[in-house]
Amino acid sequence: MEQQTHSAADYQPLLGLIDTQVALKVVKDTFERCLARNLSLTRVSAPLFVNADSGLNDDLSGVERPVSFDIPSCGGEFQIVHSLAKWKRQALAAYGFPVHTGLYTDMNAIRRDEAPDCLHSVYVDQWDWEKIIDTDERKVETIAAAAERILYALCESESSLCSRFPEIRPFLPSSLEIVSTEELRRMYPNLSPKEREDAICKEKKAVFLTGIGGKLSDGTIHDLRAPDYDDWEKNGDLLLWYPVLNRAVEVSSMGVRVDAPTMHRQLEEAGCLHREALPFHQALLNGALPQTMGGGIGQSRICMLLLQKAHIGEVQASVWPAEVRKECAAQGIRLL
């Protein structure tokens, strides 16, 4: 993953350490409640680790190594999840959720190969959500509407936070621009994918960028996505312009999930057809899983933005390279 080098000039935190902890609770409680209401979701418990042979772990871009270990009493190898993208779909079927309802859960992960910086941590915490949809709702407009509801939940959370802590001034926009990666490439043909995101977000403030994972018309890929959960033509990232760092920040990745033909095509394109033998993939191919949409919403990432912090380590306790700690200390950034 491309490491971010943006920094905040003349940064001064708006809240002290104790008020920060109180504010984190306000944001998480408010956003969780609004998310569940806006998307008709029920909270469920979720696993921290899964069987390595189940096919349930999220392979992210395909190169990240999961943290693995054995459990003598159970036999076999187990992996700490990267995310719950596949587990959620299986859970919806097992729990008997009806169409147009879904689940959300707290997801905690360790991504050992992450390059830690102001936005990325080895420790990942997300609200993972998944919702059953009808077959005729498998279109980009469906997931874009969900992205708008998530932005509403963010605005509600920001309002509650600012009411409690008036020193924090709201900055989130109320409207969302829908743009495809192909449209973005044509708008900024001479910029890198991340530079394109910065350019469009600086202008529009909140953007849902669709069509991530597949090849663009020039043969390039805007960003990598695993081939066996998102439909690359019907997914997207929710991006916000963040004035503290003067850049675009992704707060959520989501998508309409693959059906059997789409998964086969994307696995073939990615050279991963061997995964079709795994239990999760067999269940999908055999029609045992519902049509769904879903995604992950970064908890610490959202808290960082709404509390207007310059570094994700100000809102979560993790580990950091010595050079990151040194740089943060020089800039007056106090890591938890």
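Since the model is a prediction, treat every value here as computed from it, not as a measurement.

Next up on the list: the overall build of the protein chain. Looking only at helices and strands, the protein chain features nine helices and eleven strands. By the compact-globule yardstick of 20 Å for 336 residues, the protein chain fits well, its C-alpha radius of gyration being 20 Å. Overall, the protein chain is about 55 × 55 × 40 Å in size when its C-alpha atoms are taken along their principal axes. Across the protein chain, every contact between residues at least 6 apart in sequence was considered, and the portion connecting residues at least 24 apart equals 73%. By element, 50% of the accessible surface of the protein chain is carried by carbon and sulfur atoms, the whole surface being about 14,500 Å². Of the charged side chains in the protein chain, 36 are positive and 48 negative, and the gap between their average positions amounts to 3 Å.

Here we come to the sheet that holds strand β4 (residues 77-80). Pairing between the strands of a sheet comes from backbone hydrogen bonds, and it takes one of two forms, parallel or antiparallel. A sheet is described by the order of its strands in space; here three strands give the open sequence β2-β4-β3, paired in antiparallel fashion. Two strands in the sheet have a free side with no partner beyond their single neighbour: β2 (49-51) and β3 (68-70). Averaged over all pairs of adjacent strands, the angle between their axes in this sheet comes to 35°, without regard to strand direction. Strand direction decides the pairing type here: β2 and β4, joined by three bridges, are antiparallel.

Before going further, it helps to examine the pairing of β4. The sheet contact formed by β3 and β4 spans three bridges and is antiparallel. In the strand pairing of β4, Asp-70 is matched with Glu-77. Count of turn residues in the β3/β4 antiparallel hairpin: six residues, of which Gly-75 carries a positive phi of about 75°.

A few words now on the sheet that holds strand β10 (residues 247-257). Strand order across the open sheet formed by eight strands is β1-β5-β6-β11-β10-β9-β8-β7, with mixed pairing between neighbours. The open sheet terminates on both sides in strands that have one partner only, identified here as β1 (41-43) and β7 (177-180). Across the sheet, the axes of successive neighbouring strands diverge by a mean angle of 30°, strand direction being ignored. As defined by bridge partners, strand β8 (residues 206-210) adjoins strand β9 (residues 230-242) across five bridges and the pair is classed as antiparallel. In the sheet register, Leu-209 faces β9, and the bridge partner there is Asp-237. Sheet strands in contact with helix α1 (residues 17-39) are β1, β5 (102-110), β6 (123-132) and β11 (292-298), and its direction is about 20° off that of β6. The sheet strands contacting helix α3 (residues 140-164) are β6, β7, β8, β9, β10 and β11, and the helix crosses β9 at an angle near 25°.

To continue, consider α1. Spanning 23 residues, α1 covers 33 Å between terminal C-alpha atoms, matching the ideal 33 Å at 1.5 Å per step. Following α1 by one or two positions, Ser-40 adopts a phi angle in the positive range, close to 60°.

The way to describe two aromatic rings as a pair is by their centre distance and the angle between their planes. Evaluated as defined, the whole model comprises four aromatic pairs. Both rings, one in Phe-49 and one in Phe-69, keep their centres 5.4 Å apart while their planes meet at 80°; by these two values the pair is edge-to-face. Residue Phe-49 is located in strand β2, and its partner Phe-69 is located in strand β3; the two are separated by 20 residues in the primary sequence. Its relative accessible area of 36% is what places Phe-49 among the partly exposed residues. Look at Phe-69 and you get partly exposed, because its relative accessible area is 29%.

On to the pairing of β5. One ladder, built from three bridges, connects β1 with β5; its direction is parallel. Each bridged residue has a counterpart across the sheet, and for Arg-43 the counterpart in β5 is Tyr-104. Bridging between β5 and β6 involves nine bridges; their strand directions are antiparallel. Residue pairing in the sheet places Thr-105 in a bridge with Asp-128 of β6.

Moving on, we get to the side chain of Thr-142. Tracing the chain through its elements places Thr-142 in helix α3. Of note is the side chain of Thr-142, whose polar atom sits 2.6 Å from the backbone oxygen of Glu-137.

Soluble globular proteins tend to pack their nonpolar side chains together in the buried interior. Grouped together as the largest cluster of nonpolar side chains are 57 residues, with contacts concentrated most on Phe-31, Trp-129, Ile-150, Leu-154 and Ile-302. Sequence-distant contacts of Ile-302, defined by excluding residues within four places in its chain, comprise Val-27, Phe-31, Trp-127, Leu-154, Val-251 and Ile-297. Counting 21 residues, the second largest nonpolar core, distinct from the first, contains Val-50, Leu-56, Met-263 and Leu-267.

What follows concerns the environment of Phe-280. Relative to the helices and strands, Phe-280 is located in helix α7 (residues 279-285). The spacing of Phe-280 and Trp-87 is 193 residues in sequence and 8.5 Å in space, taken between C-alpha atoms. Setting aside anything within four residues of it in sequence, one finds Phe-280 in contact with Ser-54, Gly-55, Leu-56, Lys-86, Arg-89, Asp-228 and Leu-289.

Glancing now at the UniProt feature "domain: Aminoacyl-transfer RNA synthetases class-II family profile" (unreviewed entry) in the protein chain. Residues given the UniProt feature "domain: Aminoacyl-transfer RNA synthetases class-II family profile" (unreviewed entry) here are residues 112-321. Annotated as residues 112-321, this span is 33% helix and 24% strand, and its ends, taken at the C-alpha atoms, are 13 Å apart.

Turning our attention to the packing of α1 against helix α8 (residues 299-306). Two numbers describe how α1 lies on α8: the axes approach to 10 Å, and their chain directions differ by 120°. Between α1 and α8, the interaxial angle falls into the category oblique. You can see that α1 and α8 cross each other, and the crossing is right-handed. Contacts from Leu-24, Val-27, Lys-28 and Phe-31 in α1 reach Gln-299, Ile-302, Cys-303 and Leu-306 in α8. By residue class, the composition of the contact of α1 with α8 is six nonpolar, one polar and one charged.

Definitions and limits used
- Residues numbered from 1 in each chain as written.
- Predicted model: local features only at pLDDT ≥ 70, side-chain atom pairs only at ≥ 80, totals over all residues.
- Heavy atoms only, no water.
- Helix = DSSP H or I, 4+ residues; strand = E, 2+ residues; numbered from the N terminus.
- Rg over C-alpha atoms; globule rule 2.2 N^0.38 Å.
- Contact = heavy atoms within 4.5 Å.
- Areas by Shrake-Rupley, 256 points an atom, 1.4 Å probe, with all protein chains shown as cover.
- Lys, Arg positive; Asp, Glu negative; His and termini not counted.
- Charge placed at Lys NZ, Arg CZ, Asp CG, Glu CD.
- Pairing = 2+ DSSP bridges.
- Axes fitted to C-alpha atoms, helices over the stretch in contact; angles between N-to-C directions.
- Expected span 1.5 Å × (residues − 1).
- Phe/Tyr/Trp six-rings, centres within 6.5 Å; stacked < 30°, edge-to-face > 60°.
- Buried < 20%, exposed > 50% of the residue type's maximum accessible area, 1.4 Å probe, protein only.
- Polar contact = N/O pair within 3.5 Å; in protein donor to acceptor, adjacent residues only side chain to side chain.
- Core = buried A, V, L, I, M, F, W, Y, C linked by side-chain atoms within 4.5 Å.
- UniProt positions renumbered as here; feature names shortened; annotations may be inferred.
- Parallel < 35°, antiparallel > 145°, perpendicular 65-115°, else oblique.
- Left-handed = near helix turned anticlockwise from the far one by under 90°.
- Nonpolar A, V, L, I, M, F, W, Y, C, P; charged D, E, K, R; others polar.

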